[in-house]
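# Per-entry structural report
Each chain, letter by letter, is given below.
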Amino acid sequence: MNDLVSEEARQWIGKSDEPIEVEVTRRDIIKYSVATEQILDKFINGDEAPPMFVAGLSRKIVPIDDLGSDGLPPASLVPDLPLKRVMAGGVSFRFHRPVKPGDVLVFNRTLSNIVGKKGKTGPLIFVTYSIICETKNGEAVLDQEQTRILR
Amino acid sequence: MKIANLSVGQQLPIRHFKASNVSLFCYNAAIWNPHRIHYDEKYTKEIEHHPEIVIDGPLQGDWLSQTVTNWISDDGNLLEFSYENRRASFLGETLSAGGEIKSIDYDTNIIELVLYIKNEKAEVTTPGTARVKIKN
């Protein structure tokens, strides 16, 4: 099924977005904790971030005029592939250490793989992105893998 | 929590979540997600053809992670967590998050969990897994 992924599309593997740097504040943790209806005091008081807080931190912030009619910023790292319909893929996380107020985090997002497969109902393409989150000092915080399935 | 008191198949406490317009606004503002399917009802129905405002997939991911963090509290650490948004959920639905112990390694104190979010029809919308390390 490798003919599904052209040589041109394959060139995208290994490409990365510009790193995103984020200073974590107690207030940001509290907002997230309230919005997600956390129960533990350490999250509600903003002493520590809930594990999934970091996953929501690396979204791009662009000027309002650059948002699409759907409200979203332009997508990046999207190669031209023959299958267009996006199905929900999976997300997995490996946590190295909790995030606390004052942390300065750096996110690096890379298109890590594109694989064509034969599914039960037809061809599928799996596009995998990896997001590595470290502190500015290079301490590992979180590894995230996200897979988008195209059919 | 003592690892000796835990057993494979043991259920995690179930928690119910019902998103509101206000809670979805707060969540999407907090993560800076301007996608209109989470607040613009007319657009959501007419342009993207959903039956109602859509509950964010990652918000359900967070609720799933809370079945673990609330259960272990300060007695352990979440090492790994994964989920898959298999079925969309919409404003007005009450979702239930739960899970059970899949394996216990008494040498390393590592526990594997299987997790789920179900809708009111008992369909699993978001399955997940987690690995935790208990401190004692």
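Cut-offs used in this document
Residues numbered from 1 in each chain as written. Chains lettered and ligands numbered in written order. Predicted model: local features only at pLDDT ≥ 70, side-chain atom pairs only at ≥ 80, totals over all residues. Helix = DSSP H or I, 4+ residues; strand = E, 2+ residues; numbered from the N terminus. Buried ≥ 20, exposed ≤ 12 C-beta atoms within 10 Å, placed from the backbone. Expected span 1.5 Å × (residues − 1). Bend = angle between axes of the 7 residues up to and from the residue. Contact = placed C-beta atoms within 7 Å. Nonpolar A, V, L, I, M, F, W, Y, C, P; charged D, E, K, R; others polar.

With that settled, consider unusual backbone geometry. Residue and element names in this part refer to chain B. For W32, which is not glycine, the phi torsion reads 55° and is therefore positive. Looking at the element boundaries, W32 is found in the loop between α1 (21-30) and α2 (41-46). A positive phi angle, near 65°, is found at N109, a position not held by glycine. With respect to the helices, strands and loops of the structure, N109 is situated in the loop between β3 (95-105) and β4 (110-118). For N109, a count of 14 C-beta atoms within 10 Å gives the class partly exposed.

All right, on to helix α3 (residues 57-72) of chain B then. Residue and element names in this part refer to chain B. With 16 residues, α3 ought to run about 22 Å at 1.5 Å a step, and its terminal C-alpha atoms sit 23 Å apart, in line with that. Residue S65 marks the point of greatest curvature in α3, where the axis turns by about 25°. Counting buried residues in α3 gives twelve out of 16 residues, a clear majority hidden from the surface. The complete set of buried residues in α3 reads L59, Q60, G61, D62, W63, L64, S65, Q66, T67, V68, T69 and I72.

Tallying the contact residues gives 27 residues for chain A and 30 residues for chain B. Elements with a contribution of two residues or more to the side of chain A that touches chain B: α2 (26-35) and β3 (90-95) of chain A. Of the residues forming the side of chain A that touches chain B, the biggest block, six residues, is contributed by β3 of chain A. Here the side of chain A that touches chain B is composed, by residue class, of 16 nonpolar, six polar and five charged.

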